[in-house]
Every structure is written in C-alpha cells, then in structure tokens.
Amino acid sequence: MPPALPPLPVTDILAALGDALATHGTAVLVAPPGAGKTTLVPLALLDAPWLAGGRIVLLEPRRLAARAAASRMAALLHEPVGRTVGWRMRGDTRVSAQTRIEVVTEGVLTRMVLDDPTLDGTGLVIFDEFHERSIHGDTGLALAIETRRVLRDDLRLLVMSATIDGARVAALLDRAPVLASEGRTFPVTTSWRAPRAGQDVVQGVVAAVREAIADHEGDVLAFLPGAAEIRRAQALLEDTLPPAIALHQLFGMLDPAAQDAAIAPSPPGRRKVVLATSIAETSLTIEGVRVVVDGGLARVPRFSPRTGMTRLETVRASRASADQRRGRAGRVAPGHCIRVWAEHDDATLRAPLALDLAGAGITDPAALSWLDAPPAGAFAQARALLATLGALDAHGRLTAHGGEMARLGTHPRLAHMLLRADALQARALACDLAAVLDDRDLLRAPAGVALDPDLALRIDALREGRRALPAGADVDGAALQRARDLARQLRDRLGIRRDADATDADRHLGALVALAYPDRVARRRDGAGARLLLRNGSGATIRDAGSAVARAPWVACAALDDSGRDATVRTAAVLDEATVRALAGDDVVRERDVSWDETSEAVRAVERERLGAIVLAERPLRDVRDDELADALAAAITARGIAALPWSDAARRTRERLAFVHAHDPSWPAMDDATLLASLDSWLRPQLHGARRLADVASLDLGALLLERVGWERRAQLDRLAPTHVAVPSGSRIPVDYGDPHAPVLAVRLQELFGARETPAVLDGRVPLVLHLLSPAHRPVQVTRDLAGFWASSYAEVRRELRGRYPRHPWPEDPLTAPPTHRAKP
C-alpha cells in the first residue's frame, strides 16, 4: 500500500485479504461504515502479484457514491480523476489508457460483461456496499461468477458490505473466505423528538435541525425521504440559520458540483447542514458530521404486479437503516442522533425482526452472529409486544396466530388487528384503518393549531365521507392516495369486499385500534379533562378538548408524541369499558392491596380489578389478615425511617444505652437506624398484628423489644455497663445521657460533687463521663472529663463569679473537704 494512504481500520486485514484472493480467488469483506474499505482496498491491491498489472473494477450501487469514491482515491494519490483512478457511469466517463481502477455503476458493469464476457484486462471485480441489493447488482455478480467459472479462473471477485450475511455470499462464491474489519466508531448518544400534532416529517426534521445547531457542535446531516421534502426543508431553513452555517442538498439527481460541495469538509470556523436522502446512509463519507437528524422515512421502488410498473413509495425506514444513519454521527468524534419519532416506536421497528426470528424457530437473538446485535432491552420489549398480541407463546415460540401474522407481510400490530377483525365483522374497516395507520397522518393543520386526533375523521376522509374537518385542517392528498391504494391492496390480499362489513361496523373502530395497540388503551383521569392514563402506566394529553375522544371515558391511542412529561395523543378512537373488558380477557387481574396510604396515614385494604396500570374497579377488602396489616405497616416504617416510630423517652434512653455498649463492644447488637430497619421483621413486625396506624405502635414498649434482642444474660450486664443513673457524693442519683455513645454526659450541680476527687465513669470504670457542672439555677458553668483538674484550676474563678450571684449556696475555698449538698443554706 502506498505510504501516503491513511491508516484506517481496514488496513489491519489488507494483507490477509490479499492472501485470500491470491489463494482462493474470491473473498467476502465485512466492514462497518467508516472502516475505509471503499477507498483503501482497491489502492492496496494495485500492486498484488496476482493482479499482474491488470485492472480493478469497483462496482458502486449509486452514481454519487461512485464519483465520491473515485475522487477520494485520486486525491489520496495526488492525481486528477481519469489517471490511475477513473469512473464509468451512464453518460459520464473519465478513464484513460493509464487508468487501473475503474469505479462503475451497476448497469455499466452488466454492459461490460455482456460486451466482453472474458473481461479481458480486468484482474479483480469488487462489489461494494452489496447490502444495497438490486436486480442490477445481483445480475452483475451472477455474470461475473459465470465468467470466472467458465472462461477466466484467474479472475478475482471480492464482495464488500457493511451489514450483509457474509456466509451466505461466501457460499455463492464457492465457499470464499470471509474477512471482517471491526471498524472505528465513536459513541453516539440518541434522543427522540417526534413531530408535534399537525406537523409532518419535514417540519419535524427542520425543528430538530435547529435544535441540533443550538445544542451540539459539528456539521449536521439530516435524512429526508426524497428531493421534494429536501427542497421544502431548505425553504423553511433558508434565511433562518446563522451566517456561518452553509445549507446543502444531497440526492441522486442533484448536479454533481452541488453533490461535491455537500460532501466536502467545511472551511475552518464554519459549519454546514446537509439535507440528504438515504443515499448518505453508507456509500459515502461526509466529512465533519457530528449530529444526525433522522426523519425515519425512506423512498423505495415497489413493483406492482397489477400494473406491471415500478413506482416509488415512501415507507418507514428499517431498523438497519436507522442504525446506519445513527452511525454517521460517530465517524470522526463522539456524536449525537436526533430521531424524529417517538421513543416507544423503537420497539415497533424491532417487532417485525422478532416475529421473523420466531418464525425461523429462534427464540434468542444471541444464537445468531450479528455485526450489531439488537439491543437487549428494545428486543425484549418487542417480544413482550408480540406475546401480548398472541404471536408468541410462553416459551417465545411462534403460535399459529403468529404464523398467520407473519404471512400477511405487514407490521405485526396491524396484522394482528386484520386477523382479529373477522370476529367483529369489521374486516373492511380494519383494512381501511391499517392503511390510515401505516403512513403519516391524512390530516394537516397549520403550526400551532391543535389537530383533532379522532381516527373517525381520517376513516371518513378515506371513504370520501361528508364529515366536516376541524377549522384550519385539510387533507394531505398524497397521503390520502397512498392510503386508498394500500387499503385496496389489503382487501385484495385478504379477499374482502369493501362493503363486506356489518352495517354498524364503524362502531368497532375503537376496538380495532385496541387490538393493534393493546398497550395504548387509556382511561380518562378523574376530573382531569383531556388527560389520560395508559395501560402501560404512562400519561397522555389530548390537546383538542372539543374532540370526541377528549370527552370519552375510554380511548384507544394509535399514535403518541412523547415530547413532554405526558405524551400528546396524535390519533385515537373512542372506546367503552365493556369493549375493553371483552378484548382484555385474562389480562384483567384481581388483586388484594393492603398497603400504607399517605393521605389517611393508615393501612388501606382494597380489592381491585386492574388492566395494567388502569384500575377498572375498587372496593373495600373485608377479610384482611393480621399478617397483611403487619406487612403494610412495616413497609411504611421502612419507607419513613425508624424515627417515624412513637419512641417514648424511656425507650429512646434504652436504645441509646444499648448503642453506647455496642460502640465499645461490637459483639452487642447495633442500634443504628439502618440496622433496626433491616432487622424489623425479627424485633418489631411480630408485634404489629392488628395495627393499622403508627399511633397503634405507641402501646408497645419499644425499649423492652430492643432489650429482647440482647437476651436475658446481657440485660443484667447492661445495667452494670451502662447504668441509667449514677450516684454522686450528695446521695442523689443523676441520670446519664448516652445520646453520644462516645461521650455520655452527666449533668449535675457543682455542689453535689464536693469531696469527689475522680470523675464518675461507666462501662466498669473504663469510660469517664462528660461532666456538665451546673450552677444552682441548673445552667452549665463548666464541661469537663477531669474533675480533679477542675477543682485545682477553674473552680476558684467559678467561685468568685458565682458566690455573689448565689449567696444562699455554699462556695467553700476547699471543695475537696466541703460536704456535698443538694440544698441551699437555711
């Protein structure tokens, strides 16, 4: 490899790749975007002995990618395009007699093989980005394989891709070696920003681009489905971006000079925003991108057997495409991806994958080898959804119903609804609803106008009904036509006449939505207007308070915008409780709830019927057991802390004495809050039977319960080691304060200690007490642990200060010989 080439991740396997092609003649290279396979592999193989000065043909699936790859390789060689590296595409060729690497598009390669089946002068054909499967790419590979098998056994073939199943392609290439490059990526954080009600994907992407510019560094790459959406987004962004930010478009039919400007690095001190189609997912590198805004849609060709023609359709981007787009933000540095859809829809993207794996008998995705394994959390959520829909059994295996869903070829949610609609005699309505839900909203409204989320309005528009639209709203003509076409296709596939439903089938609209989105069944919160509680426990709000769904006690939500604390309902249908119960079946559970109620500060016992987070019915529980009450009260104490117990003074002092002894002898039980809470079941819970309030615990002797923890033998030791009172020379018994286990306090009047030479001590004389020497008015005059030192030094000063203030009390010059007293002079 020429020394001037950059050391990208793919360089680590170039030697092994050359050896594989030399010995086997074919190879498969799997390397993620950014590894350098497109530009470095052809250059590195130019001097391979087996190439013998022959030509390398590099197939790129897109014109833009072909031009970018050739330009990049020529720049690395410090040459113009057309010398060592050139390109061939329809209507545009830049090659010369010196050209040894020709970058071609798919149709050109097919014509090359047809014109010269031997591919004379070509030593290696590379199929790049093979995961972008097409009839032209497959035909080109088939022809090249036939040339190698029949005419040219010295022709080398190399298939390169970021995500393809290498083993399958290797088998096609006579068990070719498969090499993998790990690539180099930086971490990419992800956030979700679903379009607000009434916004389409273009407006949502534009808002996310503005957010990205304000909150993040680096260039911004925004994905939109097609050129029309890109032009709309540019019109909305023009004249609103800061002067230092350039705005570029990037799609296949764009002028080459404009394409080059879009992928070129930004000048120092400037940034750019590139509005691109899916062409920017994998086939080329756009320098400087640190933020990706993904609109979540793609425009793909679809062949219609009915018309015999292929047309472009806008569809939801696949999970793989979404991950490829996200990875673009982590090519050069840590980046960020803003996905312009609701976060809960991520599991929706993975549900078809989970259904397909189950159909193949695979219950654990880890059983397969992945370049990027499905995230465990999202995949588990997708499988839980399939289980709720009845597609998977308890062991994760495909059910008969799940097999029927898979054969329908639509999203599992909609497939489940279509199959179950027969029981409601609403199959035609289900086809219409599936078509409405499959694409973007049929209705539009100006920014800031709350759009009525009622799906009945959309079905009416689809069926050319006469229902009046909300003020300011109109119908998206393109989306309406796509929905009508899809509804017709679904009816044809299922053999359903448009008028096949019962006359009152439209009343089942809410039931059909609930079949597709059982996790989004919602009940209006009591007295909360248009606020809802969903079955999954999250909240939602209906902005249009005048809508029929805002007034309904039960709602089935189809689309939600998770942009705030509560999601905004974008589309929904009216439900009733009887339908909810009928559809939920065994999912409605009865539960006994004996728990602490903060409002009443007492244990509350009720019996509930619950559907997920939604309470269907609640009634008082009559047969409450004592152990249930004790559990609930113990849980309340644990939550509130040990201080919540009604400690009497005597119980508090007992606890402090025990804590003092433990501090000096850890073999005694600990008395700190954490330990007492952890051992609550052993010392307190058995005494709580029948109690419903914390006040009921006041009748218990908590101190006695703590003493039971130490046993009878040590209780006698406790009185010796930590006596409750200490006798002083006056004959008084003074209580000891063990609040500080390392410094217990004896608060005593100074006159009661006359004649005492040593500081009183506890713990068998090992711990001297902290003496709070008090005046006759019981005010501290000295704090000491050295009583003898106090008599010798500080007493004289205290005597001078206090003898005039308290003349009726004795203040002898020699306190060690004076009689102690707790009385005043008569």
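Up top is the structure these notes are about.
Source: prediction; values computed, not measured.

Undergrad: Mind laying out the overall build of the protein chain, listing which residues take part and the relevant values?
TA: Tallying secondary structure elements over the protein chain gives 26 helices and 33 strands in all. For the protein chain, contacts bridging at least 24 residues in sequence account for 66% of all contacts bridging at least 6. For the protein chain, the accessible area works out to roughly 38,000 Å², and carbon and sulfur atoms hold 50% of it.

Undergrad: Run through the packing of aromatic side chains, naming residues and quoting values.
TA: Applying the stated criterion to the full structure yields six aromatic pairs. When the ring of F754 is compared with that of Y795, the centres are 6.5 Å apart and the planes differ by 85°; the resulting orientation is edge-to-face. Highlighted residues: F754 in the loop between β29 (745–749) and β30 (761–762) and Y795 in helix α26 (residues 787–802), separated in sequence by 41 residues. Classification of Y795 by relative accessible area gives buried; the value is 2%. One aromatic cluster is present, formed by F754, F790, W791 and Y795 through successive ring pairs. Residue placement shows R655 over the ring face of W647; its charged tip is 5.3 Å from the ring centre.

Undergrad: Give a detailed account of the sheet that holds strand β9 (residues 188–192), specifying residues and quantitative values.
TA: Taken together, six strands build an open sheet; the order of strands is β9-β16-β13-β10-β12-β11 and the sheet is parallel. Bordering the open sheet on either side are β9 and β11 (245–250), each of which pairs with just one other strand. Neighbour-to-neighbour, the strand axes of this sheet turn through a mean angle of 20°, independent of strand direction. By the bridge criterion, five bridges tie β9 to strand β16 (residues 335–339) in an arrangement that is parallel. Residue pairing across strands places S191 opposite I338, the latter belonging to β16.

Undergrad: Which residues make up the packing of helix α3 (residues 63–76) against helix α9 (residues 256–263), and what values do they have?
TA: As a packed pair, α3 and α9 sit with axes 11 Å apart at the nearest point and diverge in direction by 65°. In terms of crossing hand, the pair formed by α3 and α9 is right-handed. Within the contact between the two elements, α3 uses L64, R67 and A68 and α9 uses P256, Q259, D260 and I263. Class assignment for the residues of the contact of α3 with α9 results in four nonpolar, one polar and two charged.

Undergrad: So what about the sheet that holds strand β28 (residues 733–737)? Which residues, and what values?
TA: Taken together, five strands build an open sheet; the order of strands is β27-β28-β29-β32-β33 and the sheet is mixed. This sheet does not close on itself; its edge strands, each paired only once, are β27 (725–727) and β33 (780–784). When strand polarity is set aside, the average angle formed by the axes of neighbouring strands in this sheet is 30°. Sheet analysis places strand β32 (residues 770–774) next to β33, joined by four bridges and oriented antiparallel. Bridging from a neighbouring strand, L773 pairs with Q782 of β33. In the packing of α26 onto the sheet, contacts are made with β32 and β33, and the angle to β33 comes to roughly 165°.

Undergrad: Mind laying out the pairing of strand β2 (residues 55–60), listing which residues take part and the relevant values?
TA: Buried residues dominate β2, accounting for six of its six residues. The two faces of β2 match: R55, V57 and L59 on one face and I56, L58 and E60 on the other face are all buried. Alignment of β2 against strand β5 (residues 101–105), held across five bridges, turns out to be parallel. Note that in β5 the partner of L59 across the bridge is V104.

Undergrad: Let's hear about the nonpolar core: which residues, and what values?
TA: Side chains that are nonpolar tend, in soluble globular proteins, to be buried together. In this structure, L645, W647, W683, L684, L702 and L746 are the most contacted members of the largest nonpolar core, which totals 64 residues. In contact with W683, not counting residues within four places along its chain, are I642, L645, W647, L676, L702, L705, L706 and R709. Counting 58 residues, the second-largest nonpolar core is a separate cluster that includes A351, I459, A514 and A556.

Undergrad: Can you explain the environment of T277? Please cite residues and give values.
TA: Assignment of secondary structure puts T277 in the loop between β12 (271–276) and β13 (289–294). In this structure, the C-alpha to C-alpha distance between T277 and F251, residues 26 residues apart in sequence, is 5.6 Å.

Undergrad: An account of the pattern of salt bridges is requested, with residue identities and associated values reported.
TA: Side chains carrying opposite charge are able to pair once their charged atoms draw close together. In this structure the tally under the stated criterion is 41 salt bridges. The partner of D432 in a salt bridge is R491, with the nearest N and O atoms 3.1 Å apart. Pair noted here: D432 is in helix α15 (residues 427–438) and R491 is in helix α17 (residues 477–494), with a separation of 59 residues, a long-range link. There is no split in this pair, since D432 and R491 are both buried. Here D474 ties to R444 by a salt bridge, and the two come within 3.4 Å at their closest N and O atoms.

Undergrad: So, helix α16 (residues 455–462): which residues are in play, and what are the values?
TA: In terms of burial, α16 is largely enclosed, as eight of its eight residues are buried. By the burial criterion, the buried members of α16 are L455, A456, L457, R458, I459, D460, A461 and L462. For α16, the side-chain oxygen to backbone nitrogen distance between the N-cap and A456 is 3.0 Å, and the N-cap itself is D454. One or two steps after α16, the chain reaches E464, where phi turns positive at roughly 60°.

Undergrad: Got a sec to walk through the side chain of T784? Specific residues and values, please.
TA: Examined against the element boundaries, T784 turns out to sit in strand β33. Among the polar contacts made by the side chain of T784, one reaches the main-chain amide nitrogen of D786 at a distance of 2.8 Å. Here T784 is in contact with L769, V770, L771, L773 and F790, once residues within four sequence places are set aside.

Undergrad: Help me get a handle on the side chain of D593, residues and values and all.
TA: Among the secondary structure elements, D593 is positioned in strand β24 (residues 589–597). Of the residues examined, D593 reaches a relative accessible area of 19% and is grouped as buried. Other than its neighbours up to four places away in sequence, D593 contacts R604, A605, V606 and R608.

Undergrad: Any chance you could break down the environment of R493 for me, citing the residues and the numbers?
TA: Along the polypeptide, R493 turns up in helix α17. Assessed through its relative accessible area of 45%, R493 is described here as partly exposed.

Undergrad: Account for the packing of α15 against α16, naming residues and giving values.
TA: For the pair α15 and α16, the least separation of the axes is 10 Å and the interaxial angle reads 105°. The orientation of α15 with respect to α16, classified from their angle, is roughly perpendicular. Residues L429, D432, L433, V436 and L437 of α15 form the contact with α16, whose participating residues are L455, R458, I459 and L462. Residues that form the contact of α15 with α16 fall into these classes: seven nonpolar, no polar and two charged.

Undergrad: Now, about unusual backbone geometry: what can you tell me, with residues and values included?
TA: At L119, a position not held by glycine, the phi torsion is positive, near 50°. We note that D174 has phi near 60°; this positive angle belongs to a residue other than glycine. Structurally, D174 is set in the loop between α6 (166–172) and β8 (178–180). By relative accessible area, which is 59% here, D174 ends up exposed.

Criteria and cut-off values
- Residues numbered from 1 in each chain as written.
- Predicted model: local features only at pLDDT ≥ 70, side-chain atom pairs only at ≥ 80, totals over all residues.
- Heavy atoms only, no water.
- Helix = DSSP H or I, 4+ residues; strand = E, 2+ residues; numbered from the N terminus.
- Contact = heavy atoms within 4.5 Å.
- Areas by Shrake-Rupley, 256 points an atom, 1.4 Å probe, with all protein chains shown as cover.
- Phe/Tyr/Trp six-rings, centres within 6.5 Å; stacked < 30°, edge-to-face > 60°.
- Buried < 20%, exposed > 50% of the residue type's maximum accessible area, 1.4 Å probe, protein only.
- Lys NZ or Arg CZ within 6 Å of the ring centre and 35° of its normal.
- Pairing = 2+ DSSP bridges.
- Axes fitted to C-alpha atoms, helices over the stretch in contact; angles between N-to-C directions.
- Left-handed = near helix turned anticlockwise from the far one by under 90°.
- Nonpolar A, V, L, I, M, F, W, Y, C, P; charged D, E, K, R; others polar.
- Core = buried A, V, L, I, M, F, W, Y, C linked by side-chain atoms within 4.5 Å.
- Salt bridge = Lys/Arg side-chain N within 4 Å of Asp/Glu carboxyl O.
- Polar contact = N/O pair within 3.5 Å; in protein donor to acceptor, adjacent residues only side chain to side chain.
- Parallel < 35°, antiparallel > 145°, perpendicular 65-115°, else oblique.

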